[in-house]
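# Structural features, examined
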Amino acid sequence: MSVFGRVVWLGFRVWRRIRKQTAGLQVGLLPGMLFLGLITVGRLAGAFQLLEWRALDVFLQSHPPEAPDERILLVSIDEQTIQAVGAYPIPDQQLTSLLRTLQQHQPRVVGLDLFRDLPVEPGHQDLTAAFQEMENLIGIEKVLPPTVAPPSALPPERTGFVDAPLDEDGRQRRMLLGTQTDQGFRFSLALLLAQTYLAQENIPLNNGRRDPLTMRFGAAEIPRVQSNFGGYTRANAGGGDVQMLLNFRQGSNAFRVVTFQAVLASEVDPAWVRDRIVLIGMTTPSVQDYVSAATNSVVDAEDNWAYGIEIQAHAVSQIISATLDQRPLIKTWPNLSEYLWIMGWGVIGIGFARYSRSPLRALFWVGISVVSITVISHLALTAGWWIPLVPALTSLTLCSAGLAAFYQYDRVIQTKIKAQQQAVSLLEQAKLDLEVKVSERTAELQHANIELSQAKELAETASRAKSHFLAHMSHELRTPLSAILGFNQLLAKDATLSETNRERTRLIDQSGEHLLGLINDILSLTKLESGKQVLHEAPFDLTDLMETIEALFRLRIEQKGIQFLIEISPDIPQQLVGDAQKLRQVLINLLGNALKFTTEGRVTLRVRSQHSGAKGQGSAAPPSPTTHRPLPTTLIFEVEDTGEGIAESELPKLFIPFAQTESGEKAKTGTGLGLPISEQLVQLMGGTIQVSSQLGRGTLFCFTAQVQPMVSPQGAVRASEWGTADSTAAVVQSPDISPQESDAAIEATLAAMPPDWLKALHRSALSLNGRQVMQLLDSIPSDQSKVADYLIGLAENYAYTQITDLIDAILQADEGI
């Protein structure tokens, strides 16, 4: 072979090997691209935004504690200060004294995080003079609707806004540094404080170099949050706004905090104030100047939010630390780099799915990759880079798990193809043997049919023998058992019987009754299964049936102290034709179970016709015009209780013989046959039975039965009305609907609670702490259970805003605002 021919042959072999290796990748290429496309579309639509925010919060809070920023001093106006002053807002006179005391210690700049657009006498003239004298004092205003004017004594260049953008989950992660207003471009309080401080370091404020629309101090260019910045999708960061992402200084002592009273009492070291940034603001939950953020309060470490002056302090510290200490500012990759990062991990996931034959090995490598993505993202954020975490994890896991199924399917198909090829070679031989086997199989089938016929006869004989045996044995067992119970009852009446023996007789009686019930249930079930149970239709009075049932359960109802309501729709005729005994047996089974598992509340029995409305509207079936005989009527019986309820997973067990739910096993009563028997009796009466239940709220059994109305000569039908209002059992025509509690009643209940409890509930609802909200609502007195249920319903549906609005109204009324 020539050299050229050898080269061509080697090239052909290499090409075949490459095609073989890439054949599997081609199988998953289309679904892999589909998954990556879905992830890209989901990120563009903001599907991962909330998870990305939460991951950012966790990463920021997991940063190691940092040294306190000694350049910033917080002057706290807390609840004790308000109580000591005796007024809120703080009067201008006390505020003037505070500012003049601080000014004696020569701070570099003072930020007053209090609105002072209106005078608060006494002392307004003194405060105006102090504003004019202190050239290093910066006040605040609110420029976004609803606006709040700045102090009239301060020029515009010495007032900064405190408007803060909140994310959709109510947390603050961004800081608004500047915005365009009707009065021109305005700066925030934090930016003015940082600008004033850095000006004395000969570091002016300039526009950015890489981004001319952002701000820069020296070499520290503040990354500007745009509409798609890191994990944000279509964020409200346009319209001339300049925003930065907050990189909170972690640590319980991030800033030094002193109180308003300590400054006035000269208890503050002048060195803490001299040449420092001093921030004055509210730090009490009674004044709503706090927000949920990825940092804890330095004023009170137990609070899971940060006050307004703390957010301002974090923003100022972030700017001057980046300028003077090279502390990282949070930046993001370009969009193209982010999507390449996300898709790259998806390609890795495709590789795991293709080349990992063992699912456990693929799971191991996917786990290693998940940890790697998380660690890389965390380290990158520590260095100041916010890179996508949740989309990358989703890309990896979805491609690896989803494509593993495709590749497994491909392997199955290839295996089937090989098997079919082998089967084709065997078909010819099988064809030759087919005729012989068909004849042999035909003879075997004929023999099998004979055996099946004999087996069927044996099974029917065995079933009849079983029924006969059970019927005979039930009689043989009940006769001595009845004697035992009778003698045991006579023995229990013996006055000389000791307490121990009396307890033993009680146990004998209880066990015997249980065994007797079990025998009767087994016999009933056997009759139903053998088809020996038939309907015995006869006229009966519905009212008499209800009175009999009520009398059977009266003693147990009185002992438990619960309500028993019987509601009969007025459109049902009093005289009916049907099997009253079987109706009574089903109702006794269902009501017995309801009373067994209900310790408080009520048990309700409702009877209505199929055409009755919710309140008993409708009419019974009219007589047939051709036969002059009433048409069958479907009665609907409902047994509802407020007991323990049944788990959804246990509902399928209810109608299986001898199977019991968890609550039934705990009660250690019953045989597990009552409901299966009831189901077959209902089916015998031409109806069906259904059940619905909720744990801790109760259970509703509903069954139907076919009856015929008896039309009297006068055609009169009366409703069943009996029972008294003050007894434990009563019959009503229609259920009363409890009115919804009014806002005034809810506010009255909340106003009666302690102030500390109200503030704790307010904090928990504001911070979306569902567990703590539920714990606080459980302490509402039991006589206000309707209000408690209403508030719990709000919490379960995440309507925390309504809860905080109610508490705000009460707190404002108490404070006279």
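This is a predicted model, so every value here is computed, not measured.

The helix and strand tally for the chain stands at 22 helices and 24 strands. Relative to its 817 residues, the chain shows a buried fraction of 43%. Excluding contacts between residues fewer than 6 apart, the proportion of contacts in the chain whose partners are at least 24 apart in sequence is 74%. Element-wise, carbon and sulfur atoms account for 57% of the exposed surface of the chain, whose accessible area totals about 44200 Å².

That bond from Tyr-88 to Pro-89 is cis: its omega, 0°, falls within 30 degrees of zero. Relative to the helices and strands, Pro-89 resides in the loop between helix H3 (79-85) and helix H4 (92-104). Positive phi is not limited to glycine here, since Arg-234 has a value of about 50°. For Arg-234, a relative accessible area of 58% translates into the label exposed. With phi around 60°, Asp-275 is a residue other than glycine that occupies positive phi space. For Asp-275, a relative accessible area of 32% translates into the label partly exposed.

This part takes up the nonpolar core. One finds Ile-319 and Trp-386 to be the most contacted residues of the largest nonpolar core, which totals 72 residues. Ignoring anything within four residues of it in the chain, the contact list for Ile-319 reads Leu-177, Leu-191, Ala-194, Leu-198, Phe-217, Ile-222 and Met-244. Counting 42 residues, the second largest nonpolar core, distinct from the first, contains Val-603, Ile-646, Val-682 and Val-707.

Overall, antiparallel pairing links the three strands, which are arranged E6-E5-E10 in an open sheet. Every interior strand has two partners, whereas the edge strands, strand E6 (184-187) and strand E10 (242-245), have only one. Each adjacent strand pair in this sheet contributes to an overall mean axis angle of 15°, direction not counted. Both strand E5 (residues 174-181) and E10 contribute to a ladder of four bridges, which runs antiparallel. Residue pairing in the sheet places Leu-176 in a bridge with Gln-243 of E10.

What follows deals with the sheet that holds strand E1 (residues 72-77). Strands sit in the order E4-E3-E2-E12-E1-E11 across an open sheet of six strands; the sheet is parallel. The open sheet has two edge strands, strand E4 (159-161) and strand E11 (256-259), and neither has a second partner. Strand-to-strand twist of the sheet, defined as the mean angle between neighbouring strand axes without regard to direction, takes the value 25°. Here strand E3 (residues 137-141) runs beside E4; their pairing, made up of three bridges, is parallel. Residue pairing for E4: Ile-140 is matched across the bridge by Gly-160. Here helix H6 (residues 189-199) sits on the sheet and contacts strand E2 (109-112), E3, E4 and strand E12 (277-282); the angle it forms with E3, its principal contact strand, is near 165°.

Take the pattern of salt bridges next. Applying the stated criterion across every chain yields a total of 26 salt bridges. Here Arg-606 makes a salt bridge to Glu-567, at a shortest N to O gap of 3.3 Å. In this pair, Arg-606 sits in strand E20 (residues 602-609) while Glu-567 sits in strand E18 (residues 563-568), placing the two residues 39 residues apart along the sequence. Taking relative accessible area as the criterion, Glu-567 reaches 7% and is therefore assigned buried. As a salt-bridge pair, Glu-638 and Arg-606 come within 3.4 Å of each other at their nearest N and O atoms. Residue Glu-638 is located in strand E21 (residues 633-641), and its partner Arg-606 is located in strand E20; the two are separated by 32 residues in the primary sequence.

Turning our attention to the packing of helix H10 (residues 335-355) against helix H11 (residues 359-382). Two quantities define a packed helix pair, namely the angle between the axes and the distance from one axis to the other. Their axes nearest at 10 Å, the elements H10 and H11 cross at an angle of 165°. Here H11 runs roughly antiparallel to H10, going by the angle between their axes. In this structure, H10 meets H11 at a crossing whose hand is right-handed. Within the contact between the two elements, H10 uses Trp-341, Trp-345 and Phe-352 and H11 uses Ala-362, Trp-365, Val-366, Ser-369, Ser-372, Ile-373, Ile-376 and Ser-377.

Moving on, we get to the confidence of the model for the chain. Summary statistics for the chain give a mean pLDDT of 82 and a share of 80% for residues scoring 70 or more. In the predicted structure, residues 613-628 sits below a pLDDT of 50 and forms 27 contacts with residues beyond four places in sequence or in another chain. Here residues 713-741 is modelled with pLDDT under 50, and outside its nearest four sequence neighbours on either side it reaches 44 contacts, counting other chains as well.

Position of Thr-214 among the secondary structure elements: in the loop between strand E7 (205-207) and strand E8 (215-217). Within polar-contact distance, the side chain of Thr-214 engages the backbone oxygen of Ile-222 at 2.5 Å. Those residues in contact with Thr-214 that sit more than four places away from it in its chain are Asn-206, Asn-207, Gly-208, Glu-221, Ile-222, Pro-223, Arg-224 and Val-242.

What follows deals with H6. Of all 11 residues in H6, eight are buried, a share of seventy percent or more. Among the residues of H6, those classed as buried are Leu-189, Ala-190, Leu-191, Leu-192, Leu-193, Ala-194, Tyr-197 and Leu-198.

Before going further, it helps to examine the packing of H6 against helix H9 (residues 308-324). One way to put it is that H6 packs onto H9 with a least axis distance of 9 Å and a crossing angle of 35°. Here the hand of the crossing between H6 and H9 comes out right-handed. Here Leu-189, Ala-190, Leu-191, Leu-193, Ala-194, Tyr-197 and Leu-198 of H6 lie close against H9, whose contacting residues are Gln-312, Ala-315, Val-316, Ile-319, Ile-320, Thr-323 and Leu-324.

What helix H5 (residues 124-133) keeps buried is the set Leu-127, Ala-130 and Phe-131. Buried positions in H5, seen along its axis, are confined to an arc of 100° and lie on one side of it. In H5, the exposed positions angled more than 90 degrees off the buried face are occupied by Gln-125, Gln-132 and Glu-133. In this fold, the buried residues of H5 make contact with H4, E2 and E3.

Quick look at the packing of aromatic side chains now. For the structure on display, the rule yields 11 aromatic pairs. Plain terms: the ring middles of Tyr-290 and Trp-305 are 4.8 Å apart, the flat faces sit at 25° to each other, and that makes the pair stacked. With Tyr-290 in strand E13 (residues 290-291) and Trp-305 in the loop between E13 and strand E14 (306-307), this residue pair connects regions lying 15 residues apart in the sequence. Consider the rings of Trp-333 and Trp-341, whose centres lie 5.6 Å apart with planes at 80°: the pair is edge-to-face. Taking the relative accessible area as the measure of exposure, Trp-333 reaches 27% and is therefore partly exposed. Among the aromatic residues, those joined into a ring-pair cluster are Trp-53, Phe-229, Tyr-232 and Trp-386. The lysine or arginine in question, Arg-43, covers the ring of Tyr-339, its NZ or CZ lying 5.2 Å from the ring centre. Geometry around Tyr-197 places Arg-108 over its ring, the cationic atom sitting 4.0 Å from the centre.

What follows deals with the side chain of Thr-295. Structurally, Thr-295 is set in the loop between E13 and E14. Judged by relative accessible area, Thr-295 falls into the buried class, the value being 3%. With near-sequence residues (within four places) excluded, Thr-295 lies in contact with Gln-61, Phe-248, Arg-249, Gln-250, Trp-305, Ala-306 and His-314.

Glancing now at a nonpolar patch on the surface. A contiguous nonpolar patch, built from Phe-364, Trp-365 and Ile-368 and spanning about 310 Å² of accessible area, is present on the exposed surface. With respect to the element layout, Phe-364 can be found in helix H11. Residue classification places Phe-364 among the partly exposed positions, given a relative accessible area of 49%.

What counts, and at which threshold
- Residues numbered from 1 in each chain as written.
- Predicted model: local features only at pLDDT ≥ 70, side-chain atom pairs only at ≥ 80, totals over all residues.
- Heavy atoms only, no water.
- Helix = DSSP H or I, 4+ residues; strand = E, 2+ residues; numbered from the N terminus.
- Buried < 20%, exposed > 50% of the residue type's maximum accessible area, 1.4 Å probe, protein only.
- Contact = heavy atoms within 4.5 Å.
- Areas by Shrake-Rupley, 256 points an atom, 1.4 Å probe, with all protein chains shown as cover.
- Core = buried A, V, L, I, M, F, W, Y, C linked by side-chain atoms within 4.5 Å.
- Pairing = 2+ DSSP bridges.
- Axes fitted to C-alpha atoms, helices over the stretch in contact; angles between N-to-C directions.
- Salt bridge = Lys/Arg side-chain N within 4 Å of Asp/Glu carboxyl O.
- Parallel < 35°, antiparallel > 145°, perpendicular 65-115°, else oblique.
- Left-handed = near helix turned anticlockwise from the far one by under 90°.
- pLDDT = per-residue confidence, 0-100.
- Polar contact = N/O pair within 3.5 Å; in protein donor to acceptor, adjacent residues only side chain to side chain.
- Arc of directions from axis to C-beta.
- Phe/Tyr/Trp six-rings, centres within 6.5 Å; stacked < 30°, edge-to-face > 60°.
- Lys NZ or Arg CZ within 6 Å of the ring centre and 35° of its normal.
- Patch = residues over 30% accessible without salt bridge, like charges linked within 9 Å, V, L, I, M, F, W, Y side chains within 5 Å.

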